[in-house]
Amino acid sequence: MTDKQAGILRSGGPKRTGDAIGQCGTQIFDRFDLPDIEDLASRLRFSPRTGRIWLDNNRMILMHTRALGALRRELVETLGISAARALLIRMGYASGAQDAELAVKVRGTASFTDFFLVGPQLHALEGIVNVQPVRLESDTATGHFYGEFLWHDSAEDEVHIEQFGFGSESACWMQQGYASGYTSVFVGRPVLFREVECRATGAQACRIIGKPLSEWDATDEELRYLQPQSFANRDRLIVSNRTAQAAPATVPAAAPSPEVPATPEKLLVGASAGFNMVCHMLEKVAGTNATVLLLGESGVGKELFAQTLHRISKRASGPFVAINCAAIPEHLIESELFGVEKGAFTGATESRAGRFERAHGGTLFLDEIGTLTLQAQGKLLRALQEGEVERVGDRKSRKVDVRVVAATNVNLRDCTRKGTFREDLFFRLNVFPIQIPPLRDRRADIPLLMEHFLKQFRSRHGKQVTGFTQRAINGLFAYDWPGNIRELENMIERGVILAADGEAVDLCHLFTSGEILSANVLAMSGDGLLNPCGQREAARAKETVAGAGGGDAGSLIDTLLGNGTSLDDLEEQLLQAAVERAQGNISEAARMLGITRPQLAYRLKRKIV
Ligand SMILES: [Zn+2]
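Bear in mind that the values here come from a model prediction, so they are computed numbers and not experimental data. (Residues numbered from 1 in each chain as written. Predicted model: local features only at pLDDT ≥ 70, side-chain atom pairs only at ≥ 80, totals over all residues. Heavy atoms only, no water.)

Q: Describe the overall build of the protein, listing the residues and the values that go with them.
A: Counting its regular elements, the protein contains 26 helices and 17 strands. For the protein, with 609 residues in total, the buried portion stands at 52%. Nonlocal contacts in the protein, meaning residues at least 24 apart in sequence, comprise 70% of its contacts between residues at least 6 apart. Element-wise, carbon and sulfur atoms account for 53% of the exposed surface of the protein, whose accessible area totals about 27,400 Å². (Helix = DSSP H or I, 4+ residues; strand = E, 2+ residues; numbered from the N terminus. Buried < 20%, exposed > 50% of the residue type's maximum accessible area, 1.4 Å probe, protein only. Contact = heavy atoms within 4.5 Å. Areas by Shrake-Rupley, 256 points an atom, 1.4 Å probe, with all protein chains shown as cover.)

Q: A description of the packing of aromatic side chains should follow, citing residues and the corresponding values.
A: Taken as a whole and judged by the stated rule, the model has 18 aromatic pairs. Ring geometry for F112 versus F186: centroids 5.7 Å apart, planes at 80°, classification edge-to-face. Placement of the pair is F112 in helix α5 (residues 112-116) and F186 in helix α8 (residues 173-187), with a sequence separation of 74 residues. A single burial state applies to F112 and to F186, both of which are buried. (Phe/Tyr/Trp six-rings, centres within 6.5 Å; stacked < 30°, edge-to-face > 60°.)

Q: Could you give an account of the nonpolar core, with specific residues and numbers?
A: Core analysis: the biggest nonpolar cluster contains 77 residues, and F468 and L476 have the highest contact counts within it. The biggest single contributor to this core is helix α4 (residues 81-107), with eleven residues. Beyond its immediate chain neighbours, meaning those up to four positions away, F468 contacts T140, A141, M450, L454, I473, L476, I492, A504 and V505. Counting 32 residues, the second largest nonpolar core, distinct from the first, contains L293, F356, V402 and C415. (Core = buried A, V, L, I, M, F, W, Y, C linked by side-chain atoms within 4.5 Å.)

Q: For the pairing of strand β16 (residues 403-408), give the residues involved together with the corresponding values.
A: Burial of β16 is extensive: six of the six residues sit out of reach of the surface. The alternating pattern of β16 places R403, V405 and A407 and V404, A406 and T408 on opposite faces, both of which are buried. Pairing analysis gives four bridges linking strand β11 (residues 292-295) to β16, with the strands arranged parallel. In the sheet register, L295 faces β16, and the bridge partner there is T408. As judged from the four bridges shared by strand β13 (residues 363-367) and β16, these two strands associate in the parallel manner. By the bridge assignment for β16, L364 is matched with V404. (Pairing = 2+ DSSP bridges.)

Q: Residue-level account of the coordination of the zinc ion, with values.
A: Note on metal geometry: ideal angles are 109.5 degrees for four donors arranged tetrahedrally and 90 or 180 degrees for six donors arranged octahedrally. Every protein donor of the zinc ion is accounted for by D157 (OD), C172 (SG), E195 (OE), C198 (SG) and C206 (SG), and the metal-donor separations fall at 2.0 to 2.5 Å. Between consecutive donor residues of the zinc ion, the sequence gaps follow D-x14-C-x22-E-x2-C-x7-C. With C172 in the loop between α7 (155-164) and α8 and C206 in strand β8 (residues 206-212), this pair connects stretches of sequence that are 34 residues apart. In terms of burial, C172 and C206 fall into one category: buried. (Donors = N, O, S within 2.8 Å, 3.2 Å for Na, K, Ca; no water.)

Q: Requested: an account of the layout of surface pockets, with residues and values cited.
A: Looking at the largest pocket, its volume works out to about 950 Å³. Taken together, 33 residues form the lining of the largest pocket, with M60, I61, E126, I128 and M174 sitting closest to its centre. Going through the elements one at a time, β2 (44-47), β3 (52-55), β4 (58-60), α3 (65-79), α4, α6 (118-125), α7 and α8 are the ones with two or more residues in the lining of the largest pocket. When residues of the lining of the largest pocket are assigned to their parent elements, the largest contribution, seven residues, is made by α4. (1 Å grid on protein atoms, 1.4 Å probe; cavity = no way out; pocket = protein on both sides within 12 Å on 5 of 7 lines; lining within 4 Å. Points joined across faces, edges and corners; volume = space filled by probe spheres on them.)

Q: Before we move on, could you go through the side chain of E357 and cite the residues and values that matter?
A: Following the sequence through the fold, E357 ends up in helix α13 (residues 355-358). Contacts of E357, omitting those with residues within four sequence positions, involve F338, V389, R391, R398 and V400.

Q: Can you tell me about the pairing of β3, naming the residues and giving the values?
A: In β3, alternate side chains face the same way, and those of I53 and L55 are buried while those of R52 and W54 on the opposite face are not. Across four bridges, β2 lies against β3 in antiparallel orientation. Counterpart to S47 in the pairing with β3 is R52. In this structure, the hairpin formed by β3 and β4 is closed by a connection of two residues, where D56 is found at a positive phi of approximately 55°.

Q: Residues and numbers for the packing of α7 against α8, please.
A: Between two packed helices, the angle of one axis relative to the other and the distance separating the axes together describe the packing. Two elements in contact, α7 and α8, have axes whose closest approach is 8 Å; the angle formed by their N-to-C orientations is 155°. In terms of orientation, α7 lies roughly antiparallel with respect to α8. Where α7 approaches α8, its residues A155, E156 and H160 are matched on the opposing element by W173, M174 and Q175. Residues that form the contact of α7 with α8 fall into these classes: three nonpolar, two polar and one charged. (Axes fitted to C-alpha atoms, helices over the stretch in contact; angles between N-to-C directions. Parallel < 35°, antiparallel > 145°, perpendicular 65-115°, else oblique. Nonpolar A, V, L, I, M, F, W, Y, C, P; charged D, E, K, R; others polar.)

Q: Describe the environment of F421, naming the residues involved and giving the relevant values.
A: Mapped onto the fold, F421 is located in the loop between α15 (412-418) and α16 (423-429). C-alpha separation for the pair F421 and Q377, spaced 44 residues apart in sequence, amounts to 7.7 Å. Not counting residues up to four positions away in its chain, the partners in contact with F421 are I369, G370, Q377, L412, C415, T416, F426 and L429.

See below:
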């Protein structure tokens, strides 16, 4: 294979053209074939006078590896090797996910390879390990990923060997987590790295291999490390309880709101430190009857966390009843919550139980609790204190056994100061508050959520969308997500609907609803937002071909024959030009050439073997 031929899919050595904002390709590396690290190194700043070290905008610390060794020993001795390993993997995962964000910022518009290698280079820059890339294959549009790297002089091995000596198990746990976290965020789907050889077992260097989670066998153990709570990210844990949604209440005497089952796709999905912390809190409180207050911005998934809490609690076989207090007109809220007796007021033509009674033996989820009227707040306080409710227009108290989970996106403490929320009720609800972080603070969850929603909407809309383009992934990571997970969900649904079958969701399929984009998203989008998914590009290509086939065809053929271009050369150049013009998108290039994607893939492969 000549260098020229290799240029189609393999760009080695100093030649790093290939796929701008690249999406696919295979690269086999010569030893330490890495791009210049200056763009990353220049972001490392020491400010000894203020006691700060910065890597871009992230504060870092310099620590003695010996101290890490002592911590490692203590973790292993107190928690056992499995829990210690899990903790360190999660720590590495968080760090890798963070660095992937930096990659987007620094090399978001570079070729795929240079862009990806930010992670390995940062790992070295941070003093953790010297990474030698061996093989990197990626086709983000189809979700294909394969990465193989050698780790030389791993700091983690050094401390492990010092503390425990050589053994039979690999020991670069934090680093394994880093590689998995970095790559998952980078390619927008869960990717797991395994250390197949390790210096701690006597190998000369450590070797890691990364593939999408679904392509590995027996991942249960590693999944448990990343997602310690068994109820998260598990497809089998579907919401099977019947959930009463906050149906619009017209007249209180109307038939009870229909109780609809929650969709089976509603799963808690995440792997970030923030997500794991919330799951940990849910698990702690699930076994009790304590009132739980879920705090967080709109769209962070409070109801889903409430449903999960119900499902893992002792009340799982009882009903889960949800009500959005803000969705019920003020004058109807009391009858909705506590029920109504026939004749209590005009329109109350029959007696009806409220949500409290219907949640008997189970869980009542009160969303947007801050919007309750003061009168309803008083009744709610009584229900919580006495375990009794009184229907509107009735003097009889009814015993109810209900666990209340309340949620709000406002600061209730402020509301008590303003007098719009009863202080006694606030303290009654604030027994076990759980703060759910916004999506922008748990970006490590984005790849899992992307894959989850992609699967869900592909099947819901019967579309054969293959995945996400690299620039779509970059855009999703750089965006601020003011609407949180709900906004991500809506955006991916829109993307799946807009993308063509057999294609990947591109940036222009996503940000179509007037989102305010940061300079970051705009910078990396190239012309991806202005140029609707290459349509103009394709049209231009067609024009060129049409032109060549018209008046200029004769002279083009004369030139080619005159300069001795062989049929093979011509084909190679044409294929390469199409791939470059389609920015590495093989399907797009195939369309330009008027052949199918497999036909083009076959021809490209033939050129490089
Ligand atoms: Zn190792």
